Amino acid sequence: MDDFTPFALEPGLRFRLQDNGSEIEVTAWAGGKLDLLPGATHYGMVTGGSARVNWGEFDPFPLRAGMFFVLPGPAAVQGEHGSGLVITLPDYSGLPAFGGPLEGEGRLRYIDGCSDTLLVAPPRLGDPCLNHLHIPPGVNQTAHTHPSARIGVIARGSGECRTPRGAYPLREGMGWYIPTGCLHSFHTEEESLDVVAWHPDSDFGPTNQNHPMLNRTQIRTK
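As a starting point, this report considers the structure included with it. (Residues numbered from 1 in each chain as written. Predicted model: local features only at pLDDT ≥ 70, side-chain atom pairs only at ≥ 80, totals over all residues. Heavy atoms only, no water.)

### Looking at the sheet that holds strand E7 (residues 61–64)
- One open sheet holds the four strands; their spatial order is E4-E9-E6-E7, and the pairing between them is antiparallel. Whereas interior strands pair on both sides, the edge strands pair on one side only; in this sheet they are strand E4 (33–36) and E7. For this sheet the average axis-to-axis angle between neighbouring strands, irrespective of direction, equals 20°.
- The pairing of strand E6 (residues 50–55) with strand E9 (residues 75–78) spans four bridges and is classified as antiparallel. The residue of E9 that forms the bridge with Arg 52 is Gln 78. (Pairing = 2+ DSSP bridges. Helix = DSSP H or I, 4+ residues; strand = E, 2+ residues; numbered from the N terminus. Axes fitted to C-alpha atoms, helices over the stretch in contact; angles between N-to-C directions.)

Set out below in structure tokens:
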């Protein structure tokens, strides 16, 4: 897969890939149960209906469309009447989190009048992150690339992604993959488009020398 790749969220393993030295596994559910194995962190996105997540000794956590989770395995998704996508990163221990539903638009400015919310921030500089990209109606986005892969779902709306190889229609409830360095752009007409995008790395995040607890600690000397 060397171009923008849309895919249906049919149950089971959708694909595996290597990106910047990391092995990434992408799995979908549509009803039924999906086991999330130990030794990895799982990033889940609910695209439709409802689901429950079982993790550790806690009560099952209810989810609905537009919600997301981050869990170090083992865990399990009880798909019930819902559907969604899970991105698994082996040998990485992420911070457990549940969030959503998505807001109407992003909180941060992005290119060409779009906006973005950092849904799950990297715990440390360089770690993975999860974003909500909002593209208003009537946007012809500037073609661009990313230095690592992007994987996610279309949470709301419709539009298309254009690459030098063609235009790919986008609709609510589908998954997508953009390989490293792929030139692409998103476009909308009368309807806005909301995308949840997982990044395997980041150039933003706290370090041992730079984080809010340390930076906002003021030691007084006599």
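### Considerations on the sheet that holds strand E3 (residues 22–30)
- Read from one edge to the other, the open sheet built from six strands follows the order E2-E3-E10-E5-E8-E11, with strand pairing classed as antiparallel. Of all strands in the sheet, those with a lone pairing partner are strand E2 (12–19) and strand E11 (97–99), marking the two edges. On average, each strand axis in the sheet is inclined to that of its neighbour by 15°, with strand direction left out of account.
- Examined bridge by bridge, strand E5 (residues 40–48) and strand E10 (residues 83–90) share eight bridges and lie antiparallel to one another. From the neighbouring strand, Gly 44 faces E10, where its bridge partner is Val 86.

### Notes on the pattern of salt bridges
- One pass over the full model with this rule turns up seven salt bridges.
- Close ionic contact of Glu 25 with Arg 16 constitutes a salt bridge, the shortest N to O distance being 2.9 Å.
- Put simply, Arg 107 and Glu 103 hold a salt bridge, and the shortest N to O gap is 2.7 Å.
- According to the relative accessible area criterion, Arg 107 is exposed, its value standing at 64%. (Salt bridge = Lys/Arg side-chain N within 4 Å of Asp/Glu carboxyl O. Buried < 20%, exposed > 50% of the residue type's maximum accessible area, 1.4 Å probe, protein only.)

### Re a nonpolar patch on the surface
- Taken together, the side chains of Leu 108, Leu 118 and Phe 204 define a hydrophobic patch exposed on the protein surface, amounting to about 280 Å² of accessible area.
- Of note, Leu 118 is situated in strand E13 (residues 115–120).
- Judged by its relative accessible area of 31%, Leu 118 falls in the partly exposed class. (Patch = residues over 30% accessible without salt bridge, like charges linked within 9 Å, V, L, I, M, F, W, Y side chains within 5 Å. Areas by Shrake-Rupley, 256 points an atom, 1.4 Å probe, with all protein chains shown as cover.)

### Observations concerning the side chain of His 134
- With respect to the element layout, His 134 can be found in strand E14 (residues 129–135).
- Taking the relative accessible area as the measure of exposure, His 134 reaches 8% and is therefore buried.
- Of note is the side chain of His 134, whose polar atom sits 2.9 Å from the side chain of Asp 194.
- Among residues more than four places away in sequence, those in contact with His 134 are Gly 104, Glu 105, Gly 106, Cys 114, Ser 115, Ser 192, Leu 193 and Asp 194. (Polar contact = N/O pair within 3.5 Å; in protein donor to acceptor, adjacent residues only side chain to side chain. Contact = heavy atoms within 4.5 Å.)

### So, a negative patch on the surface
- Taken together, Glu 172, Glu 189, Glu 190 and Glu 191 make up a surface patch of like negative charges.
- By the secondary structure assignment, Glu 190 is in the loop between strand E18 (185–187) and strand E19 (193–199). (Lys, Arg positive; Asp, Glu negative; His and termini not counted. Charge placed at Lys NZ, Arg CZ, Asp CG, Glu CD.)

### Regarding the packing of aromatic side chains
- For the structure shown, the criterion picks out 10 aromatic pairs.
- On the numbers, 5.4 Å between centres and 45° between planes, the contact of Phe 4 with Tyr 168 is tilted. Of this pair, Phe 4 sits in the segment before strand E1 (5–7) while Tyr 168 sits in strand E16 (residues 166–171), and the two are 164 residues apart along the sequence. Across this residue pair, the class does not change: Phe 4 and Tyr 168 are buried.
- Here the aromatic rings of Phe 7 and Phe 15 are separated by 5.4 Å at their centres, their planes lie at 90°, and the arrangement is edge-to-face.
- Under the relative-accessibility criterion, Phe 15 is labelled buried at 10%.
- By way of ring pairs, the aromatic residues Phe 4, Tyr 168, Trp 176 and Phe 186 are connected into one cluster. (Phe/Tyr/Trp six-rings, centres within 6.5 Å; stacked < 30°, edge-to-face > 60°.)

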